[in-house]
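What follows is the residue order along each chain.
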Amino acid sequence: MKKVFKDYFEVYVGSRGGIEDVSIKSFENIEEYLEFKSDENCKWIEEDKEMGEDEKEEVLGYYDWGKDVNDDYYLGLGDEECKIYIDMKSEKFIKWKERNKINVEYGVNNIDNKIIRDLID
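Fair warning: this is a prediction, and the values are worked out from it, not measured in the lab.

Caption draft 1: Structural detail: the packing of aromatic side chains. All chains considered together, the criterion is met by seven aromatic pairs. For the ring pair Phe27 and Tyr33, a centre distance of 4.6 Å and an interplane angle of 40° mean the geometry is tilted. Pairwise contacts between aromatic rings join Tyr8, Phe27, Tyr33, Tyr73 and Tyr85 into one cluster. Here the guanidinium or amino end of Lys83 rests over the ring plane of Tyr12, the centre of that ring lying 6.0 Å away.

Okay, structure coming up:
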């Protein structure tokens, strides 16, 4: 059986809310990937002997993953940092791409941050 991959527009948002990087990623199952990355990121916290249980619980929340009200996926990367994944076949992405005359065939690193912010806010 042929594997089916889905393309996502990945936006890395830094700790001060700035857009640090954008790229296109393909996943067979994005939820499995996000769960794996979240677990991988949390491993060091769970093993930390000096951190109290309350502190661990709070910090672990920074590394959570999920799906927001716009059907976009997110992966927490620590204190206010995250990656947002937007389905490139979603109506939201297609309308944004057409409205801003974006051609992802030429790459995505040259897209203005204000235009990207319009997509993720």
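More follows now that the structure is in view.
Caption draft 2: Layout of the environment of Trp96. Along the polypeptide, Trp96 turns up in helix α3 (residues 91-99). By relative accessible area, Trp96 is classed as buried at 1%. Between the alpha carbons of Trp96 and Tyr33 there is a distance of 26 Å; along the sequence they are 63 residues apart. Beyond its immediate chain neighbours, meaning those up to four positions away, Trp96 contacts Phe9, Ile102, Ile111, Ile115, Ile116, Asp118 and Leu119.

Caption draft 3: Structural view of the sheet that holds strand β2 (residues 19-27). An order of β2-β1-β5-β4-β3 is seen for the five strands of this open sheet, with the pairing classed as antiparallel. Sheet topology places β2 and β3 (65-67) at the edges, where each strand pairs with a single neighbour. Along the sheet, successive strands turn relative to each other by an average axial angle of 20°, direction set aside. Of the pairings in the sheet, the one linking β3 to strand β4 (residues 73-76) comprises three bridges and is antiparallel in character. Bridge pairing in β4 places Lys67 opposite Tyr73. On the sheet, helix α1 (residues 30-47) packs against β1 (6-13), β2, β3, β4 and β5 (82-87) and is oriented at approximately 10° with respect to β4.

Caption draft 4: Quick peek at the nonpolar core. Ranked by size, the top nonpolar core spans 18 residues in total, and within it Phe9, Val11 and Phe93 carry the most contacts. When residues of this core are traced back to their parent elements, those giving at least two are β1, β2, β5, α3 and α4 (113-120). The contacts of Phe93, once residues within four sequence positions are left out, are Phe9, Ile86, Asp87, Met88, Val104 and Leu119. Counting residues in hydrophobic clusters, the runner-up holds seven residues, among them Tyr8, Phe27, Ile30 and Tyr73.

What counts, and where the lines are drawn
- The residue count restarts for each chain, going from 1 along the sequence in the order it is written.
- Where totals are concerned, whole chains, interfaces and linings use all residues; where local detail is concerned, this predicted model gives features only for residues with pLDDT of at least 70, and gives and counts side-chain atom pairs only at 80 or more.
- Hydrogens and waters are ignored; side-chain quantities use all the structure's heavy atoms.
- For Phe, Tyr and Trp, where Trp contributes only its six-membered ring, two rings pair if their centres lie within 6.5 Å, and the inter-plane angle classes them as stacked under 30 degrees, edge-to-face over 60, or tilted in between.
- For a lysine, the NZ atom is tested; for an arginine, the CZ atom; a charge sits over a ring if that atom is within 6 Å of the ring centre and within 35 degrees of the ring normal.
- Each helix corresponds to a stretch of at least 4 residues labelled H or I by DSSP, and each strand to a stretch of at least 2 residues labelled E; elements are numbered beginning at the N terminus.
- Each residue is assigned to one of three classes by its accessible area relative to the maximum for its type, calculated with a 1.4 Å probe on protein chains only: buried under 20%, partly exposed between the two thresholds, exposed over 50%.
- When checking whether two residues touch, look at their non-hydrogen atoms; a contact exists if any pair is within 4.5 Å.
- Strands qualify as paired when DSSP identifies two bridges or more between them.
- Note on definitions: angles span 0 to 180 degrees between N-to-C directions of axes, and those axes are lines fitted to C-alpha atoms, for helices only across the stretch in contact.
- Residues enter a nonpolar core if they are buried and are Ala, Val, Leu, Ile, Met, Phe, Trp, Tyr or Cys, with the set joined through side-chain atoms within 4.5 Å.

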